[in-house]
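What follows is each chain in one-letter form.
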Amino acid sequence: MNESITWADFEKVEIRAGTVVAVEAFPQARKPAYKLTIDFGESGTKRTSAQLTKLYQPDDLIGKQVVAVVNFPPKQIATFMSECLVLGAVADDGTVTLLQTERPTQNGLRIA
């Protein structure tokens, strides 16, 4: 069983909606991944590495609105500095299905 957290713990996690504006291949990553640039509206743009290659092609991702944690410290992944964490449902085989808002929203809106 997972350890319980408090409401205050959850409130520390800043999850926001953003739109993917650029996708690059990331051949240096240990596991197949893309480099994404995501527009979070007034919160600015952030870059991340995401293991989405099983279900998504780069052209599928451009313009797609995603949900991401934006208040982690930057993390070095191979030769790339990741600035946020895109959220997805992870299957046993590692396939990631992106979490998205039910309909388009303003970039940067906080998920609660």
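Reading the values: rules and limits
- In this convention, every chain numbers its residues from 1, walking through the sequence in written order.
- Local features are withheld for residues below a pLDDT of 70 in this predicted model, meaning they are given only at 70 or higher, and side-chain atom pairs are given and counted only at 80 or more; totals for whole chains, interfaces and linings count all residues.
- The side-chain numbers reported here are obtained from all heavy atoms of the structure, hydrogens and water having been left aside.
- We define a salt bridge as a contact between a side-chain nitrogen of Lys or Arg and a carboxyl oxygen of Asp or Glu at a distance within 4 Å.
- Secondary structure elements follow DSSP: runs of H or I of four or more residues count as helices, runs of E of two or more count as strands, with numbering from the N terminus.
- For every residue, the accessible area obtained with a 1.4 Å probe (protein chains only) is divided by the maximum for its type, and the residue is called buried under 20%, exposed over 50%, and partly exposed between those limits.
- Residues belong to a common nonpolar core when they are buried Ala, Val, Leu, Ile, Met, Phe, Trp, Tyr or Cys residues joined through side-chain atoms within 4.5 Å.
- By convention, a stacked pair of Phe, Tyr or Trp rings (six-membered ring in the case of Trp) has centres within 6.5 Å and planes under 30 degrees apart, an edge-to-face pair has planes over 60 apart, and any other such pair is tilted.
- Here, two residues are considered to be in contact whenever any of their heavy atoms come within 4.5 Å of each other.

Q: How should the pattern of salt bridges be read in this particular structure?
A: Charged atoms that come close allow side chains of opposite charge to pair. Applying the stated criterion across every chain yields a total of 3 salt bridges. Note that Arg-47 is salt-bridged to Glu-24, the shortest N-O span being 2.9 Å. Pair noted here: Arg-47 is in strand E3 (residues 45–50) and Glu-24 is in strand E1 (residues 15–25), with a separation of 23 residues, a long-range link. Judged by its relative accessible area of 29%, Arg-47 falls in the partly exposed class. Classification of Glu-24 by relative accessible area gives partly exposed; the value is 37%. Across the pair Arg-103 and Glu-102 runs a salt bridge, and its minimum N-O distance is 2.7 Å. Accessibility expressed as a relative area gives 67% for Glu-102, which makes it exposed.

Q: I would appreciate a short explanation of the nonpolar core in the present structure.
A: General note: in soluble globular proteins, nonpolar side chains tend to be found buried as a group. Counting residues in each nonpolar core, the largest one holds 17 residues, and the members touching the most others are Val-20, Leu-36, Ile-38, Leu-52, Leu-61, Val-86 and Leu-98. Looking at this core, the elements that each hand over two or more residues are E1, strand E2 (34–39), strand E4 (65–69) and strand E9 (96–98). Residue contributions to this core peak at 3 residues, all from E2.

Q: Is there a simple way to think about unusual backbone geometry in this case?
A: A negative phi angle characterises most non-glycine residues, just as the trans form characterises most peptide bonds. At Ala-78, a residue that is not glycine, the phi angle is positive and equals roughly 55 degrees. When you line up the elements, Ala-78 lands in the loop between strand E5 (75–77) and strand E6 (80–82).

Q: Looking at this structure, how should I read the packing of aromatic side chains?
A: We describe a pair of aromatic rings using the distance from one ring centre to the other and the angle between the two ring planes. A full pass over the atoms with the stated rule returns 2 aromatic pairs. Their ring planes at 45 degrees and their centres at 5.4 Å tell us that Trp-7 and Phe-10 sit as a pair that is tilted. Taken together, the positions of Trp-7 and Phe-10, both in helix H1 (residues 7–12) and 3 residues apart, correspond to about one turn of that helix. Judged by its relative accessible area of 60%, Trp-7 is exposed. Look at Phe-10 and you get partly exposed, because its relative accessible area is 30%.

Q: Explain the environment of Leu-98 here, please?
A: The topology assignment puts Leu-98 in strand E9. You can call Leu-98 buried: its relative accessible area is 8%. Residues Leu-98 and Gln-65 lie 33 residues apart in sequence; the distance between their C-alpha atoms is 9.4 Å. Look past the residues within four positions of Leu-98 in its chain and what remains in contact with it is Leu-52, Tyr-56, Leu-61, Lys-64, Val-66, Val-86, Leu-87 and Gly-88.

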